[in-house]
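Residue-level structural notes
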Amino acid sequence: LMNPCEDDNIVGLSIIGGEPLHPKNIEGTTKIAKEFKEKYHNKNLWIWTGYNYEDLEHEEILNYVDVIVDGRFQADKKNPRLNWKGSENQRVIDVPKTLQQKKIVFYTNTQDEWNELRVKTLSSFDFLDILWYNISTFHREKCKFNNLKH
C-alpha cells in the first residue's frame, strides 16, 4: 500500500468512500494513517467521513490527519461549486490547527490545491486514494491489512 507513496509526485493520501471511520473500520484506518504519517511525515493525509468531527475528537486517528471533510452528503444541499466537499452542510477542517486551538478551524488555501492533489495519469499521480467500497477483498488482497473488520 505504501510503496506508491515513495514517488515524489505523490503529495498525500486520501481515504474516501464507504465509511473509513465506522467503528468496524476505524482501527484499520488508524493503522494505515499512522504508518503513512510515520513514513511520509511531509505528505498530507485527508479523510472524508459522514461522521461529524465532534463525534471523533477523542479518536487516535486525528493525530495523523491533516484535513478531514466531515458530515454526511445531503443531496438537497448539493453544491458543485464547493471545494473538497459536495454539500453545504459538510465542513473542511484543518485538524492540526483544530487540535492546537481546541476549536474547529476550517481548512483554507489560497491556491487551487485540488488540481495539485487529484490523479493526473495512471503512471504519474499526485494523490493515492484508498477506496473502502469493497473493503474485505481490497484490503486482504492488495493492502495485506488482514485484520480489518467489515
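One structure accompanies this document, and this report is about it. The shown structure was predicted, so the numbers you read here are calculated from the model rather than taken from an experiment. (Residues numbered from 1 in each chain as written. Predicted model: local features only at pLDDT ≥ 70, side-chain atom pairs only at ≥ 80, totals over all residues. Heavy atoms only, no water.)

1. Quick notes on unusual backbone geometry
Phi is positive for Trp-84, close to 70°, though the residue is something other than glycine. If you trace the backbone, Trp-84 turns up in the loop between strand S3 (67–70) and strand S4 (91–94). A positive phi angle is found at Lys-102, which is not glycine, with a value near 60°. With respect to the secondary-structure elements, Lys-102 resides in the loop between helix H3 (95–101) and helix H4 (113–117). With relative accessibility at 75%, the residue Lys-102 sits in the exposed group. (Helix = DSSP H or I, 4+ residues; strand = E, 2+ residues; numbered from the N terminus. Buried < 20%, exposed > 50% of the residue type's maximum accessible area, 1.4 Å probe, protein only.)

2. Examining the nonpolar core
Among the nonpolar cores identified, the biggest contains 21 residues, and Leu-21, Phe-36, Leu-45, Ile-47, Ile-61, Val-65 and Ile-68 are the most heavily contacted of them. Secondary-structure elements contributing two or more residues to this core are strand S1 (12–16), helix H1 (26–39), strand S2 (44–48) and helix H2 (53–56). Considering every element that reaches this core, the biggest residue donor is H1, with four residues. Once you skip the residues sitting within four places of it in the chain, Ile-68 turns out to touch Leu-21, Ile-47, Thr-49, Tyr-53, Leu-56, Leu-62, Arg-91, Val-92, Ile-93 and Val-95. (Core = buried A, V, L, I, M, F, W, Y, C linked by side-chain atoms within 4.5 Å. Contact = heavy atoms within 4.5 Å.)

3. Here's the deal with the pattern of salt bridges
On inspection of all chains with the given rule, the structure shows six salt bridges. Taking the shortest distance from any N to any O, the salt bridge between Lys-37 and Asp-66 comes out at 2.8 Å. Pair noted here: Lys-37 is in helix H1 and Asp-66 is in the loop between H2 and S3, with a separation of 29 residues, a long-range link. A residue is classified by how much of its surface remains accessible, and Lys-37, at 15% relative accessible area, is buried. Salt bridges linked by common partners bring Glu-54, Asp-70 and Arg-91 together as one network. (Salt bridge = Lys/Arg side-chain N within 4 Å of Asp/Glu carboxyl O.)

4. A look at the side chain of Arg-91
With respect to the helices and strands, Arg-91 occurs in strand S4. A distance of 2.7 Å separates a polar atom in the side chain of Arg-91 from a polar atom in the side chain of Glu-54. Here Asp-70 takes part through its side chain, which lies 2.6 Å from a polar atom of the side chain of Arg-91. Look past the residues within four positions of Arg-91 in its chain and what remains in contact with it is Asn-52, Tyr-53, Glu-54, Ile-68, Val-69, Asp-70, Lys-85, Ile-104 and Phe-106. (Polar contact = N/O pair within 3.5 Å; in protein donor to acceptor, adjacent residues only side chain to side chain.)

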